[in-house]
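# Close look at the chain arrangement
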Amino acid sequence: QGYKIDYYASLVYGKTKAYRQDASYMDYVTYDPMLSQSFERKGKVLASLRSIMRGALDDAGSSLVGLTLRGSSNSEVHSPKEDGDLRFPTLDMRPKAQQRTAVGNRNMLELFRGLEDMWDSELLLRERGIGKQYDYVMILRDDTLWLDKFDMQALLATNPDADAYILSCDARNPPMIDQERNDHGMIVKRSKAELFGKYFSSLMAADLDGCHASVKDVLGKDRGCNSEMILKWILEQNQVSVQLVPQSLLPFQRAVTLRHPNGEVQQCFHKFCQSVDLPLSIDPTLMRCTDVAIGSTGGDEAAAVY
């Protein structure tokens, strides 16, 4: 379609807790089969990853411009009364939710700190080098699984004047509420993209107390904004116009790879989004992770999944 695509990746490896660590399948999460061999090459992990990813992207007509890799660095911070990550950026003070909220907050901050470091050290450097800015930036999680071809022109045609294009996810179960915007990924005009490329700083600057207060009537006194409510809050506070689009126009799901006790490897959806209009056709052999039947023996260490 005439677009030149530069690809940047910020990856974290290592063992850490996940937001839904109590889900039975989490004990079996392993590395992506295409990348697993890289983590077996001591001292040459980054070079091996770069070689594999560059080959795959070259085949797809894209270019690997930036790749950062770091071990998980998040650590739990406890005061005598509570986990130091319990209240920022998301808030859920219900006793049953406090542990996973603190874990999710740690993972969220590490994710967006890595994204911002890459934005500053790789993307901005690239723009200075070529003497111009990109037209659009697509921001995705590292567990994105594309299920069909992406049509940029069809996406933009939904509303050429929009600043950002985000999945409607209006057929999700449980359903999204009015205060949420799906945060699995977005395409955003470069003029607004720094807000999300530097999302760690955006979180630090946002009036999250205002966000939490705005949902008390809906969620109750013990709960504040989750990550998708925070996204909508930041979008609105920064006057970013959003076009919600059907799943088939951003045809991906978020997936992980499981290794069964017998060694079999299987991909499954650990986050699932769908739309009422123009839904994405899903291969029936691809399941949600919660529906996968797994044995009772242990598996590989869990990757960081938020």
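Everything discussed here concerns the structure shown above.
Basis of the calculations
Residues numbered from 1 in each chain as written. Predicted model: local features only at pLDDT ≥ 70, side-chain atom pairs only at ≥ 80, totals over all residues. Heavy atoms only, no water. Salt bridge = Lys/Arg side-chain N within 4 Å of Asp/Glu carboxyl O. Helix = DSSP H or I, 4+ residues; strand = E, 2+ residues; numbered from the N terminus. Buried < 20%, exposed > 50% of the residue type's maximum accessible area, 1.4 Å probe, protein only. Core = buried A, V, L, I, M, F, W, Y, C linked by side-chain atoms within 4.5 Å. Contact = heavy atoms within 4.5 Å.

Inspection of the entire model under this criterion finds 16 salt bridges. Residue Asp83 pairs with Arg106 through a salt bridge whose shortest N-O separation is 2.9 Å. Taken together, the residues span a long stretch of sequence, with Asp83 in the loop between strand S3 (63-71) and helix H3 (98-130) and Arg106 in helix H3 at a distance of 23 residues. Asp85 is the salt-bridge partner of Arg106, the closest N and O atoms lying 3.0 Å from each other. Of this pair, Arg106 sits in helix H3 while Asp85 sits in the loop between S3 and H3; the two residues are 21 residues apart in sequence, bridging distant segments of the chain. On the basis of relative accessibility, which here comes to 14%, the residue Asp85 falls in the buried class.

Phe112, Met186, Val188, Phe196, Tyr199, Leu203 and Ile230 are the most contacted members of the largest nonpolar core, which has 34 residues in total. Put simply, the parts of the chain that give this core at least two residues each are H3, strand S4 (136-140), strand S6 (164-167), strand S7 (185-189), helix H5 (190-197), helix H6 (199-205), helix H7 (208-214) and helix H9 (227-237). A per-element tally of this core places H3 first, with eight residues. Excluding residues within four positions of it along the chain, Phe112 makes contact with Arg141, Tyr199, Phe200 and Leu203. Of all hydrophobic cores here, the second largest spans 14 residues; its members include Met152, Ala162, Tyr165 and Val245.

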